[in-house]
Amino acid sequence: MGDRLGDPRRLTGFLILALWLLSLILPVFSTCRPGYDHVGGWFVLLFGWLGLLVLMPAWLANGFILGVGLALAFGKRPPIWLGVLAGGLAATAWWWTAWQDDTGSVPICHYHAGYWLWLATAALALIAPIVMRRIAAPRGQA
């Protein structure tokens, strides 16, 4: 696969990283109560670790998404388990229905582009290591 910029592995890595960064810029959710209107991805990244306190591990997927993206961007083949952890942990965000703050549970009414883009990026991080391994494997050894 070489170190060319046109290497599909590197391009996929840069795509994952760019989409992940874009998901941080875009709004992620709005709650049913004033105060959390169009919350940005950067805010969720900074405070999402608190979700672990209410057994919402999706925030942990960020590290694995970055791991897959960086490995691919440097022309490496990330292990499949890294993609599985990225996708599996991110999938728990499907059950994320409330934001927790000092007043308790605040229901989420709308998910915005940042939420959907982050999930799509995690899905790409899930399948990229598998596809890259299949592309790199010689015929008959996939």
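Residues numbered from 1 in each chain as written. Predicted model: local features only at pLDDT ≥ 70, side-chain atom pairs only at ≥ 80, totals over all residues. Heavy atoms only, no water.

A. Structural detail: the nonpolar core. Counting residues in each nonpolar core, the largest one holds 31 residues, and the members touching the most others are Ile16, Phe29, Ile65, Trp96 and Trp118. For this core, the secondary-structure elements that each account for two or more residues are α1 (8-25), β1 (27-31), α3 (61-73), α4 (80-91), β4 (104-111) and α5 (113-136). When residues of this core are assigned to their parent elements, the largest contribution, 8 residues, is made by α5. Those residues within four positions of Ile16 in sequence are excluded, and the remaining contacts are Ile65, Val68, Gly69, Leu72, Thr121, Leu124, Ala125 and Ala128. (Core = buried A, V, L, I, M, F, W, Y, C linked by side-chain atoms within 4.5 Å. Buried < 20%, exposed > 50% of the residue type's maximum accessible area, 1.4 Å probe, protein only. Helix = DSSP H or I, 4+ residues; strand = E, 2+ residues; numbered from the N terminus. Contact = heavy atoms within 4.5 Å.)

B. Broad picture of the pairing of strand β3 (residues 98-101). With 4 bridges joining them, β3 and β4 adopt antiparallel strand pairing. Within the sheet, the bridge partner assigned to Ala98 lies in β4 and is Pro107. The loop that links β3 with its antiparallel partner β4 comprises 2 residues. (Pairing = 2+ DSSP bridges.)

C. Highlighting the sheet that holds strand β2 (residues 39-40). The strand order β2-β1-β4-β3 describes an open sheet built from 4 strands, whose pairing is antiparallel. Single-partner strands in this sheet number two, and they are β2 and β3. As paired strands, β1 and β4 are joined by 3 bridges and run antiparallel to one another. Each residue of the ladder has a partner; that of Ser30, found in β4, is His110.

D. α3, seen in detail. A rise of 1.5 Å per residue sets the reference length of α3, with its 13 residues, at 18 Å; its end C-alpha atoms lie 18 Å apart and thus fit the reference within 8%. Looking at α3, one finds that the buried residues are Ala61, Asn62, Ile65, Val68, Gly69, Ala71, Leu72 and Ala73. The first or second residue beyond α3 is Gly75, which carries a positive phi of 80°. (Expected span 1.5 Å × (residues − 1).)

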